[in-house]
Each structure stands twice: as structure tokens, then as C-alpha cells.
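Spelled out, the chains give:
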Amino acid sequence: MNHIIQDKYIPQQLLYFIAGRRCCQQFPCTFRTSEHEAFANSARSLGLRSQVVHVNGNSCVKVYKQACRHYLEDPKTLVLSSGATLNMFTLLGRKSLMGKEDLELSADLVSHKPSASDLPSLHLPLPAIRPPCLRFWTEAQLKFLAAFPGHPLNEEIMQSLYANRVMVFNAVLSWDKSVFLPLIILDDCRNKKSNVKIICIERQAILATYNSQRMANFFGEQLGETVGIQLPYFSAVSSSTFIIFSTAQYFLRSLVNQHFRNISHLVVNDVHLHDPYTDILLSEIRMALNSHQNMRVVLLSQMEDPKKFIDFFGEGSQLNMITQPEVGPRVSYLNDLHSCIALAGIHKGPDIYKEVPEAFRSNNPRNEQMDKCLQAYGELGTDAALRPFLYAVNYDLAPVNYRHSQNGKTAVHFASELNKANHLRLLLFMGADPYIVDLYQQNAISLAAMNGNHECIDVLNSYSLHGYVVKSAKPDFMDYDLIIDIMYLLRTKPEYSPGNILIILPTYYHIVKLNYMILSHCLTGSLQECSIYLLYDNMRKEYVEALVNGRDDTVKVVLTTEIIESLCLKVPFKYQIDTACRVNNVYDTTSYSGEDRFEWVAKDSFLRRELILHPNKGDAQCFRLINKEAYEELGETSQPSLQTMQLDKVCLAIKLLSPNMIISEYLGLTISPPPLINVHHAVQFLKKIDVLDDAEDVTWLGCRLMDIPVNCQLGRMLIFGILLRCLDPILTIVSSLSTADPLGIPFTEDIDHLWDRFTIYIQNSIKKERAFLSDNQFSDHFIFVRLYKEWQNRMHNRTPPLYLKDEYDFMLNGLMEHLASIRSEIVSSLRAANLIHSRGKLSMNSLNQMSGNWHMVKAALTGGMYPNICAVDARKSALKSAFSGNIYMHPNTVLRDFLEPLNISAQNFRTPWIVCNKQKNHIVYATLVVPLAVALFSGHPRIRLSPICDSEMSLTDRNVNVFIDEWIWMVMSKATAEMMMRTRHYFFRMYHDLLKHCSELELWRRDSEPVSHYTLLTDTLSKIFESEDVFVGFSKPPPITFLPTPQLPSLYLLAVNAQFSWAREVEENMPPKPQHFNSHFIERQFFVLYAGGDCEEFHSKNTPAFLESVLAKFVRPIETPNRHIFVILYRKDPDVMLSISRAKTVNGVFVLKEYFRNNIPVFEILDACVSLNVKIPVFDGRLMSALIDKRVGNLIMDLFAFRHHWIHKR
Amino acid sequence: MFNARDVGPADNDEQQLDRNFRQMEEHLAFMLECNENEDPTQATWDIEESEEDGASCSSNVLSEMQENFGRLRLCAITPPRLEFHGLACMQQLQKRSRQFGLGGAPAKKSRAGAAPAFVVVPGPKQEQLQKENVWNQSCQDGASAVQPLTMEKLRLIGLRGDCVEHNAVLRLMNLFRSLHDHLTADLGFSRQNSMPSDYLFDMPVKSLMPKSLNVRYQLQVLCTKVERFLVQQRRILETNRHFDFEKYDECDKLLKGSASYLHTFKQFLNIEMRHRNGNFVSSSVKFNAQRLESLLIGLREWLKAAHLSVHVFNWEMDLEHRYSAAMTESHKSLTERAILLAGAEQRAAKPRGISLEELFIAKRYNLDGAVCCALEQDEFLTALLASPETYFPPSVVAICGPHKFGAVNMQEQSESEEEIEEFEEAPSSPPRYIGRVPRFRS
Amino acid sequence: MDFESKYCISHLNGTISITTRKVLDENQKSLLEDGEGELFLTCLTKDQRCSPERLLELASELGDVYLLRYKIDFSGKSRGYAYLQYINAPLKEAALEYLPMRFRKLHLPIKVHASMNNRELVLSGVESSLRPWQVYQEMLEIHPFSNLRVYEYQLDTFLYIFGYRNSDTAASAHKRVRNAIRKFGTHASIAWLSQEHILSRVQGSSCFHQELSQNLTQRGCFKF
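Computed from a predicted structure; not experimentally measured.

(A) Representation of empty space enclosed by the protein within the structure. Residues and elements named next belong to chain A. Applying the stated criterion across every chain, the model contains 16 cavities of 30 Å³ or more. If you list the elements that add at least two residues to the lining of the second largest cavity, you get α27 (712-723), α32 (844-847), α37 (974-997) and α39 (1009-1032). A per-element tally of the lining of the second largest cavity places α39 first, with 4 residues. Its residues placed into classes, the lining of the second largest cavity shows 9 nonpolar, 3 polar and 2 charged.

(B) Seen up close, the interface of chain B and chain A. Taken together, the contacts link 123 residues of chain B with 132 residues of chain A. Interface area for chain B against chain A, summed over the two sides, is near 11600 Å², with a carbon-plus-sulfur share of 64%. There are 4 salt bridges connecting chain B and chain A. Taking the shortest distance from any N to any O, the salt bridge between B:D378 and A:R387 comes out at 2.4 Å. There are 19 residue pairs in polar contact (both at pLDDT 80 or more) connecting chain B and chain A. Among the elements that take part in the side of chain B that touches chain A, helix α11 (residues 283-322) of chain B stands out by supplying 13 residues, more than any other. Residue composition of the side of chain B that touches chain A, by class: 63 nonpolar, 32 polar and 28 charged.

(C) Inspection of the pattern of salt bridges at higher detail. According to the stated counting rule, one finds 67 salt bridges over all chains in the structure shown. With a shortest N-O distance of 2.8 Å, A:R214 and A:D176 are connected by a salt bridge. Of this pair, A:R214 sits in helix α7 (residues 205-219) while A:D176 is found in the loop between β5 (166-170) and α6 (177-192), placing the two residues 38 residues apart along the sequence. Neither A:R214 nor A:D176 differs from the other in exposure class; each is buried. As a salt-bridge pair, A:E966 and A:K688 come within 2.9 Å of each other at their nearest N and O atoms. Here A:E966, found in the loop between β26 (959-963) and β27 (969-973), pairs with A:K688, found in helix α25 (residues 676-688); they are 278 residues apart in sequence, far enough to count as distant. Each member of the salt-bridge network shares a partner with another, and the members are A:K8, B:D244, B:K247, B:E316 and B:E320.

(D) Representation of the UniProt feature "domain: Helicase-associated" (unreviewed entry) in chain A. Following the UniProt record, the feature "domain: Helicase-associated" (unreviewed entry) maps to residues 681-785 of chain A here. Here residues 681-785 of chain A runs as 55% helix and 0% strand, with 31 Å between its end C-alpha atoms.

(E) Inspection of the packing of aromatic side chains at higher detail. All names here are of chain A. This model, assessed by the stated rule, comprises 55 aromatic pairs over all chains. Between F1060 and Y1155, the ring centres sit 5.4 Å apart and the planes meet at 90°, which makes this aromatic pair edge-to-face. Here Y1155 lies in strand β31 (residues 1149-1161) and F1060 lies in the loop between α40 (1052-1059) and α41 (1062-1068), a separation of 95 residues in the sequence. Y1155 shares its class with F1060; the two are buried. With 5.3 Å between their ring centres and 20° between their planes, F1086 and F1126 make a pair best called stacked. Separated by 40 residues along the polypeptide, F1086 in strand β28 (residues 1083-1090) and F1126 in strand β29 (residues 1123-1131) bring together distant segments of the chain. Here F1086 falls in the buried class, since its relative accessible area comes to 0%. Taken together, F720, F937, F987, F988, Y991 and F1025 form an aromatic cluster joined through their ring pairs. A cation over a ring is seen here: K603 above Y631, with NZ or CZ 5.7 Å from the ring centre.

About the criteria used
- Residues numbered from 1 in each chain as written.
- Chains lettered and ligands numbered in written order.
- Predicted model: local features only at pLDDT ≥ 70, side-chain atom pairs only at ≥ 80, totals over all residues.
- Heavy atoms only, no water.
- 1 Å grid on protein atoms, 1.4 Å probe; cavity = no way out; pocket = protein on both sides within 12 Å on 5 of 7 lines; lining within 4 Å.
- Points joined across faces, edges and corners; volume = space filled by probe spheres on them.
- Helix = DSSP H or I, 4+ residues; strand = E, 2+ residues; numbered from the N terminus.
- Nonpolar A, V, L, I, M, F, W, Y, C, P; charged D, E, K, R; others polar.
- Contact = heavy atoms within 4.5 Å.
- Buried area = accessible area lost by both parts, 1.4 Å probe.
- Salt bridge = Lys/Arg side-chain N within 4 Å of Asp/Glu carboxyl O.
- Polar contact = N/O pair within 3.5 Å; in protein donor to acceptor, adjacent residues only side chain to side chain.
- Buried < 20%, exposed > 50% of the residue type's maximum accessible area, 1.4 Å probe, protein only.
- UniProt positions renumbered as here; feature names shortened; annotations may be inferred.
- Phe/Tyr/Trp six-rings, centres within 6.5 Å; stacked < 30°, edge-to-face > 60°.
- Lys NZ or Arg CZ within 6 Å of the ring centre and 35° of its normal.

This is how it looks when you write it as C-alpha cells:
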């Protein structure tokens, strides 16, 4: 038998393996040692690699294909520094520490799983339902009701609701369904004196807040009386509440304990959007209808055909109120827009920066390399010669239109000159522009023609026929310049009558960026003034209120995300600029990670957006930034997000809702069942990080992560931050990872038109800034911490300034506002989950004891990011990781430089272990960590030493192989292994205790036995990691002090926009001059004032009254409707312009309203004057003030407004 | 409303009050005191000026108030009351409070009390401290100088330094677990082969060992499971009996041998096997445990052999006797393809070196870095150059007019995928036990 | 007891309030809202034995309750204390006697005290560039208060004491001000004013008032 096994069976199995898709395979433990050898031999003969590993105390053989990245060529060694050894020894030597024998450590042998009853119940039980005892509607209320478009259909709606338990009500946004329907139901129940309690489910917290507040206003009450609200951090409900607003996610959470008790009607809004939690809620409702016979369900939607909901429930009726409007708005697509703008001849003011010489590129190694790449290609023209260039474009963010420094040629030039048609085609696909001319005024076409390269000429001909703008044909390219152009069109051309403008953008990041652009154009006066408002998903309600309460006599420009589709505003919009793009976090099963993907929205979404425009007026207009052809190809509806998203949180929620059901089974029964592979991955991942146990039951960790509003991985990171008492930096990192990165290295496409040519320069500057912030710590996560800290310091604990500096500064403030709000939301969720207490060992202060200690933060990162850990295999010069397939470092990370191969970067690495965040296969953020951190914190929390180590080796051997998980393989001395393992047990016992007992406040308050041991443990760990870091050779990190209570400005963007909004101007210009629409008729006068020091100093020294008297020497009266006076501050040595402000009279008092503040060297102004043929002004330090030429003034203003942080930074 | 800080539990204000009271009081007292007890020069100035200055200042405030009164009014319908107490008034108050012994007094006392603490440590004590410090330092130096931890030292903290489990109960438990793993091990891995999965997302392995530290209970569960396992193996074996008796006999022996262990285990089910916190209660129990351990190890070896032999026997018979012609054919083609792939694998084992041309480019243009980088992404770049059409959406491909290079490539790919699909349904032997293994419940 | 018809329960963030449904006359109501006769119950257990309904039931044995404010944490469990007011405010004295006895009988560890009804906040460390009238205005925007006392304890440095209607509003004001504290500069802080404090309204008010009226003109003090 044995020889058949060894000679026939095993080779055959290996052949099967080769033919299969997997990269590596572990064979069962059933094979014996002799067979292991047979495996090894025949694997070798087939070109495979093999290894014997230890899993659960069984030794198994594992074979790998060559491409597999799970195979570590050799085990990584773990050698402890003497300091760490000593500290660990002292720690373990303490008799009192964890005195009991280690049997109880093997907790996996004893059942201790949490159940739903252990979960904190967030909601109080709803009071019993009663018939409403309301006053009759007042006149005003009746009028309000009658104003709903659905009012005449009251009877019909109610009848349908009584006839069926489920009703789908389909109507457009302006019907305001989620306010209207509850009201008529309530009204009806009052008349019939029947029991009522209506739950209104909105998609987002802000929608629930906004709608509930409106409804409370209708009753003339506070929230918490007739109308209540239940949200994670805000709830107001009383026994007289009949309508309660909530979100699907939060309501589901309450179902764990409450099971639809005491609810008569359930109104679910926006079901057509298929929010994942709404979809799950529908499943729950379907199940609940069996036990709650009398519950009525109203689904509100805005879609063509809501039949699928009825099918899903198997009962119910639908009321479809959507009709095609007779007069739709005029719709123009990208195709028409370009020509339209070209024809209109927009005057955007002098473009001083257009002709700025590319003086930045010289002595820059990256430019040199790129030049050489081009040169090599130009001279050789082979595939191999093009490769380095292709690499630079595809992996190094170099622009495809890169121009050679000396001759200005791009790759396309060379390709057409050399008659490489296939290269040319590839380059064109990649977005290269053949019309660029080189130094000799030749473009690709003329070069091809000159050399008679017919094949290339053919390609270029067809390009000129079809491909005018490839760039804007991609959804992930946001054409800000075009939006600005359209703004000019709408605001300066008389054929477009004034009206509110709605601009729909994919994300908050885009909103902030566009906000600056519009603001700067408005302030320089080229674009007419308007009020800018922002709406986005997790905004605070002040943003909506500001818009709703905004004055009617101004033109409102609203920048919004998709949320506008569910927000019923009473603001009429006349124009809509729709980027037609949305961002979707898509789980990619091949790279095992979620990835933000930009995609076009579906057709139904266009229709809904179209209907937001004021329906009564015929002259509304939609500008869609998508090609007509691309639009035609779009699907009718977009894919439900449940089918694409990363499912970790959803799986957890489901497991708590129905603990006895297999997750994949449950999800298979939802209205939009996700692909099985996604569910499988999510569940396995959750098991890996100990959120679910082997039997798919929720662990204590899962219980605690439930209410934390970040994904499970990041939630686990927070837990490690708490355990290692360095919560503050971890909080910063976690919230940074959930927002856009202000220091991400931009693609060419991200850089707007004006600075297009400076791509490389800007990228280099940002890279340099990242390197500076990371301070040789080999960590991108450290950058987050530093950046946040620096930003806080820059605030000087004051509210952020309301003048503008430059785009980056504005973006930074805007993004940090977002970050701070996420941060505080996380903190309060941690408090709610009892992971932060107000006093004792889990108080904020005590959890931040190690916050200044970067070693500990790295350790916490390691634990929290597991299994996202990579190892550098220097010999193969490749990264190995749990995620097989190729993984590369994105140029974004500080671990590598541009155009630097891994084997060069790796020479500087202190350790082979990298903890990372990736997008697709690219490591975007990485941190190098010490081996001990990996050994201590990765792998399953409950592993024991004996099953994972190779103990069968000879007893005399000092070293031992340890397999922490399926691929992390280390070798260490036996003593180290035992000590490491014992420390690990202590740590994970603390982990379990924390998760299990964190809600017992008393336990953590007293200085009781186990708790004080934990303090000791973390103290020792910090010493251990510190000495490990030194031992490995990390440089000492700069201190990262932590501020105990960071008081951050909120609502920065709101404040800035209000400061510069036209509404305010009108208000201040008593008496209101009615509408001076074309600001070009306004005369502007510019004064320069000499300031000795900086602006602060100047303003503190000189009172406005004094300035007024100075100005009054030149002009009087200071303020007239068609004369604006600007004051420019400047100083000598170095000669710089400091700020520009507008002189205004507010309520009879003279003020200077600062528009911009920055440092602009005078020579730049002089240069600009020369290039624009403007008379060169003289700035003399001795003069306190002087009136300067209007053109120079405008020019200085432009210089302030369009300054680029990275280009002009010195 | 959204501000999370609004609702933080830190607002159990009533309870924090007390602390705040103290703090505020001390703070205020301190401020007042500072104000009074400033250094003499300033103090005199203060006294001289205070009357006037205080008045002037507050009148300043007053005038501001009046100036802004209109605006204040606007804010609220019933404006809140406002009182203003000037500096002079405060000083008066301060004096008065001193008389009453309120406020300032405790702070002063504490300051006075704190003063002696700053006195230097007295002589002898200091010496002793110094000595201790020196000793401590030498200790530390010595410790860091001592490099290897000796075994004796490890023993001191309860470690043996051999990475072997010393707790008999845990050893037994590990054995039980391992046996459960063996019983559930699936030797037909062809199904797994076809999945492009990774270690992270491997199909879950069901080896549910009951969660208990009771040795007898564990043993009982194991016996039942082993019994069932052997029955299953037996069934497979019997279907192959008529093909090759010699091999049948070999397997039969193995199964019988394994089964014989079960009888031995029966006796353990009735004897004392109790332990407390991992320590067996008596020496006889310890002895029993040792015996059980060696038996379990023996059983494991037998089970391995039996399982493997039966499976391979069945597999071989499948191949030789039960496969239809088509199945054999597909199996053969699969094997051939695998051998081809193995060739590719072997080629891949030798890493692609840098080509001469690349070397030339690297040297000539000083592009070592870029060439190296390009080598890292060799696969992708080669594919991109060979068939760019596959990497771009059709709308982009269309811009350069009709061209068909990539089509061939795509066909090839789809073909290979088909084959894999075929392979997925690899023929399996008829008597394979497909039903679910019932989950064990106590 | 017909709970539903007599009382109304509401839940707002961290407080469960049980309010009487009785219609009271304005005068009495306003007095009660000012916190008259308020009792402070502490050492409540977290279980059902001290549920708000149960507390109310026990308390109403003595007379009709005006308001029970029961503090809870995020998971809906008691934070260990509650406030109680009777419609008939003088019942407070009787309740101080009766309730502890009643609780003892039921083996509940609850303690009953008269509530301090602390409703004054101190704002200090305000940036000197902010003038008192600006502070007044800013604070009004944050949360309306009923009176403000400004003390100039050093030249041009002021201490602000804000009085609120009752401790509940003071508490919510405290929260809001804490969030907006940066408006008042780097070192600004807001805290509760202790009742034993010399500036406390409750204690020193009478003699202080006297002085105030004397000083009003000569010492640079004034009142609006």
C-alpha cells in the first residue's frame, strides 16, 4: 500500500494541485513523516516548493506554486534585545501576577460565549401603544397638510393601507413622503381612535434629524413630544410620542432586544436606494409579519417599478404616483458642453499663472530619471526600452504626457517618430495627448507624417475622429475646471437668468475642493458673488439649517453628494451640474479588500436628480458631465450596495439579529442577496480577527464592535489602542483612515488645469512633506498622527481663521473638520460601548498614558491590523503576505521612493515586517514593526505554544520554529519562545477580560488585583517595545504629545462660506441696493499699506478707526455700491505681500474683511507684471499707504487667490 | 445635537461637582490672593491706582455695555440680568471673606504646609539613598551585560525552555483535538483545488470538539466518533473488496487494529480521571492519564494509516475499474496539462534574470532603478505591451479605430477556464460518503 | 395606580423623566421649575428594583409627584442617582423622613438628600480681548441664562458667573459651553460654582446685596 501512496497517489495529487487554481495547498495531517518526504521529493521534481508546517499540533505538508506569496523562503528570526529579555523576565517572574495555573488560559476549552442578552440594550422599551389624544389640526396645520402634493389622495392611500399589510408608495422626492405619510396615518388613527405608534426609518441620521425636526415644528413642539427620535447619540422619546424617527441600522440594533413590539406602523423611506441595512430590515420585517399580524408596513420609494418589493413580501399593494413630467429640464451632455463653453467666450480674468515657466524641474532626480526613460525609448524604440516608462506611468504616478526637459517631447512623439504603432496605441489608451507640441513646434501627427509612418498616421487619424477627450470620459476624473466654466457661463452670461445652482459631486473631498475654487473665483470678483452651501452624508444639521434658512434673494450654490436625492428641501433650483459620478466601496474578491471605485450613476438616479429641479419653471437646465453615448449605455438601476460592499459589519449585525441562522443563508434570503463568495470571505475574515468564533457565533469582541461606527478591522485596532493605553494616536489613525487623505500623492488627473504641467513637482513636494512628517520612522501612520498634531498646533487653540490662505490649507481645514467629527463620534461610541469610562482605569486619561509612546502605538497597530501584515523577502525581492498574488508598495508610502525597486528600499528597512493598508494590490499606508510585535499580537488570540511550534526537533537544538498562523513563520530560541508565549497569554487574558467585563464599571474603578496587573503589563510592554525598537535600529521618534481634550473647531466650512456669502453683504449694505448683477461694473481700488511685522501684529496695533482715517485721505466716502476698496498689506525685508482685505462699513462701523492671507514675494508680482505688460509698480517702505494701479491690484488679488501651496512653498 | 460630546457620561455632573467646587474655590482664592500679594512695588502702585483705575475700567465696561445695549436687546426677548462688580468691589469682598475665614484661608494653609517639603533630604538619609542608587545602577548594568538566560533562571519563573507542554491534562486535550482533526480530515482535495482561494478564506473545517475539560467525557465523545469513522471506512473498503484482495486485507488489518483501541478505551470510561485546575487528583489518576496518552498516540498512528490506505485503495480502484472511458480520457488530459504546467512552474522556479538589453539600458542611461522596478512588474508590463486592448474599456479602445490583436489571447484564456470547470466535476467514486457528518451533541 | 393616565414618561439622551400629567397653575409650575422642593436620590441599584417606574410608585405613596428625573447611561441602566419633586413642594421635608424608611424596609440601599439644586456656572480665563458684553452675547447664543454676574478680580480680567433656571438647564448649558469653550480663548474654562463659595448666590447674597447697593456707584459696580 505504502509504495502506491508514495509513488502514485502523492504525485497525482500534486498534479491535480498544479492544474487547479490555488497557489498553495496544505495537505491533511493524515499523512505521515515518510509521506512528507515523498511530497517534498515529488514537489521538487514538479517545480513546486514544499514545507512542513505545524497547525494545531499536527504537522502537515504544504506545497506552493512559484507565484505564491505565502511561502517565506526562510523563517524570520526573532531575537530579543537584552533590555526586552530582562523586562519580560521580570514581568513573568512576578509571583503575584496571574497567580493561577495557566489552565484557565486555555479558555477555548470552556464555553463562555456571549449571548444577545449580554449586549447592552441601547433602547429603552417603547411604551405601550395607545390611541393618540391630539388636538385637532389648527388652521395653519391644515394648510400645511394641504400643501403636500399627495393631499388629495389621502383617502386612497389610507384605503390601500387598510386593505394590505404592506404598501409600496412610489412618488417623487417633492412629495415629502416620510413627513406626509406619518401625518396622515396619525390623523386617521386619531379619527378612528385606534392604537398608533409609527416608526419612520430614514437612510441616514441627518435625514432623520431633519425630517423629525420639521415634523416637530409642524406640531409646534420640541422633539420628544408627539414626534420623537432615536439615534445613536441622540434620543428623545416620551410616552406621548406617536411618531419616532430612526435609521435602519440603529433600528435593527434595537430589534435584538425588542422584536417589533409596540409598533403599529413602520414607514421605511428610500427603499429603492437599497441601503444595505434597509435591505436587511426588509428581511426582518418579512419575518416579523408572521408574528405581528397587525403591523402595517409602508415602503416609500422613487423608482420606475416597485413591484419587486411586493414580490419580496409576497403580499401588499402599490401606489404609483410617478408620472413623466410634461416639461422636463433642458439636458446637456459633455459633448455639447465643451463647444458651448468655447462659443460663449468666457472671461475669467488674467491667467497669470498660465505662462509661469517650468523653472521647477531642473535639478530634480525624478525628472532626470524620466528624461532618461524617454531618451532610452527614443534611441532604442524597443519594447524593453519602453518598459521603464510604462512602469513609471502605471506604478509611479508619472504623467503619461511627461515632456522631456530639453526637447519637450513626450513618449507619443517618439512612438510616432519611430513608427511604433502598437506603442502609440497603448499610449493613447493611457490618455496621452498627441497634440502636444515639442520645442520644434512638432506634434505627434506632424512627426508621423514627416517620417511617412503610415501605420501611425492611421492610428492618429482615427484618434482625431473619435477620441477628443479621453480624460473626461472616465468617471474617476472630476473636471473641476469644466464646472467652474459652467459656473461662469451661468453667472456672467445674460442668456442664463439667475437661479439657484445645484452641483452634485461624488464625495466630501470633491465638495471641499470645489468650494475653494468657487470661493476664490468669487472673491477675486471675476465670478459674481453667491452664497455657497454644502450638503453631505454625515454633516451636522447646521449645514442643512443654514441652507434652509438662507435668504431667498441671493443666488445659492449648493454643493452636495448623493444625499440630495433623499433630502426634501424647499429650495427651488434652476440649474444642476451633475458630475454623474458616485463612489462605491466595492469588495474585490481577488485582492481581498474593499476599494473605493468611481462609477457612473444609473439612469434612474439621473431621473431623480432631474426632478429635483424646480418643476414649474420650464427653463431649468441640467448639465451632465458625461458623454451622451456613455449615458445611453448605463444600466437602468445601480447594483444594490449589499451586493458589492464589504460585508463585515453587515455579517455581525445579522449574527446578532438571528444567532441561529448561518449568515450566508440569511443573506441569501434578502431582497438583494450578495454573491456567496463575498459572504464567505467576510465570515472567514471575521473568524480570523476573532469577531466570530469557529462555530460562527459572535465573540465578546464582536459584541463590543457592534456599535462602533467603523469597520471591524478598525474597531479591533481601537481595542488594541485601549489595551495598550495609547488610544489617542490610534483614534487619529483610525479616523484618518476613514476620511480622505490631505497628503495623498495626486495623479495628474487630480491636479487642475492650471497646474497640470507641474504634476511631478507637486508630487515630489508632497512626497517630501510626507518624508518630513514621518521623520525616519518608516511609517505612514505616523504621518497621520503628526499631521493632526501639527494642524492642532497651528490652530493655536483658537478657532480657525476665516480668511483664505491657499487651496491646500482650505482642504486641510475642511478634511480635518470631518476627521474631528468622526473622531468624536468614535469616542462617544466607545463610551457607549463602555470601553471608555469616565473614571478609573478605563478613563480617557488613563487610556492615554502611553499615547506619547510611538513604540506602543506601533504595537497596537500590529495587533489591530492583523492579518494585514506583509513580510519582505529580501532574497526574492518580493513582499509576502497573507493575501496571495502580487503586492506592491504604492509610491504614496514613505517606505519607498519614486522609481525605487524593492530591493533598494528594503536595504534601509529595520525589520522584515510591514503592517499595511492596501488599495487593490498596492500598499498605500505602511508601518515597519518589530518582530516581537508580530509574534505577540498577530494570530488567533488563543493559540498556545505547544501546538504551533515544531517541538519534535531534537531537544538539544536551541532554536525552534513557530508558526503563528498559516504563513507567519518565525524561528527563535526556545527560551524566547516560551517567554514570548507566556507574555502573549497574559496579554490576551487582559484582552478577554476587558472585552468581557468592560461594562462592570466598578471593577475598573477600584485598584483591584487583576486591573493593577494590567497596568503593570502595559508598562512593561512599553519598556520592552522601546528597547526592541532601539535594538532593531529605529531612530528615536519625535515626541507626540497628546492633548487631553482636543477642542476642535467644528463647522469650519460653514463659517467660511457664511463669512463670504453674498447674503451677508446685502444685509450689511444698509440700505439694500437691489441687485447689481454684473460685478464688472464695479470699480475697484487697491491700497497698499505698510505693515511692520505680520498681519496679526498689524491688526492689533492699528484700530479700524485709524485705518479708516488713513484711507479717508484718498477716498471718501469709503463705501459706495459700485466701488470696492481693497487693502493690501505688505512689508519689507523680505519684500512680501501679506494679505488682502476689503474695506467695508458694517452697521456704520468701518471694518477690514480679510479675504486672503499668505506671503507673496514682491518679485513674483513684478515678474507677473512684466509677463502681462502691466506697468511695474513701486513699493516703497517709507510710505505708510499708497494707491496702486487697478490692474496691478487685480493681479495681486489673483496671485493670492490662485496660489498653490506646494509650488509656492519655500 | 450631533455633537457626541454632548452626551458623554462625563456629565454625571452632580458627582463631579464636589471636585469642581474645591478646585474653583482654590483657584479663585489664589487669584484674589495673587492680586493682593503681588510684589511690593507693584502692590503700592496698585493701591494708589486702584481706586481710580478700577472705576475707570468699569466705567469703560459700562460705556461699552451701553453702546452695545441695543444689540444685546435684540438677542433675547427678555434679556437676562447682568451684574457687574468692579475691581475695587472685589478687593473689598476679598478682605471680608478673609475675616470670615472663607475661601482664601485653606489655600494659604496648604501652601504654608507644603513649604517644608522642599527642604533638602537630611544628611544620613541622603547618603543611604545615594548608596541605593549606585547599587541599583550596578544591578542594571550587570543584568544587561548578562546575555543568555540560563535554564535555571527560566525555571525560576516556571518555564522549562523546551517548548513542550508539561501539563498532562492539556496534553491530553491537545491529543483529543488532534484526533478530531484527523477524523475530519478530507483526503479528497480535488474540490478545493478548483477554488482560487487563499489561506484566509479556506473553507471552514468542521472539527468540533466539545468544549469541556472533562477527560472522560472527551474520551467518550471521541470513541463514538472514531467508531462511526471506522464504520464509514469499512463501508468504503467493502465496496472495493472484490477488486484486489491483497490490498483489501492490508486495509482490513489496519481498520481492525484501530478498532481494537476502542475496547481498551472502554475501561477508561469507568475509572477516575478527575483533575483540579489541570492537576490530576491522585497518582493513580496520573498513571491512568499517562497510559491513556500513549494509547491515544498509538490510535492516532493507526487511524492515519487506516484512513490513508482505505482512501488510496478506493482511489486506485476508481481509476482502474470504475471510470468510464470518457472519464479516464479527461483524467488523462488533465494530467497531461498538469505536466505541461509543471514545466512552466519549473521554468518559473528559475527567476527571470535581467536581459542583456535591459542591462544595456540600465548601464547606458543610468536607469538601474527604473529597470529594476519594471522587472518587478514584468508580467503586467509584458501583457500590457502584448495586448493593450484587454486592459482598457471598449470605449477607450474604440478611439484608435478597429484593431484586433487581443482577441486571440482572450479566446485562449476562456478555453483554459473551461477546462478548469470540467475538472471541477472530476469523477468521484460511487460509494463516497456524501451525507453530512451529524454534529455531535451531548 | 393608573400610571399611564397620571404620568408621562419621556427619554431624552441620558435622562428619563416622569412628569405628572396634571395641569398646574403657572405660578406653582414656575416655582417647581426653579427646582423647589427637589430631592436627590442616590445609591440606586442598576437592576429592576430601582426602575424609574418603581421609584415613582414608592414616592407617590406620599403624594403626587411632579417630576422624577432618572439618570441613565448609554445602555439604559441607571447611573445611580435621580431627582424627585413633589407637586406639593413642602412635602419634601416629610419625604426626607419617610422615603429612607420605606426604602430600608424594602432593602433598597437608596439614600435621600435635599437636592443642592446647583445652577450656577463659573466661566474664567476668558481671553482679555473679549469684553464682558461680548461674552454676554456669546453665552446667550450658546444657551440662554437667567442672570450673569461679572467680577473684575484683576484689572481688566473678569470672572463670569452665570445663573440658570434650574440645575437641569445649568447642566445642559455646561455641556454646550464646554463644547464651545474655545470661543473664549485658550485658557477659558467653565465649571460649576460651589454653594459654599463666597460668590455663591445662595449663601452670601443678602449681605452682599447690601454692599452692592452701597458700592453701586462709587466702586464701579452696576446692574442691568
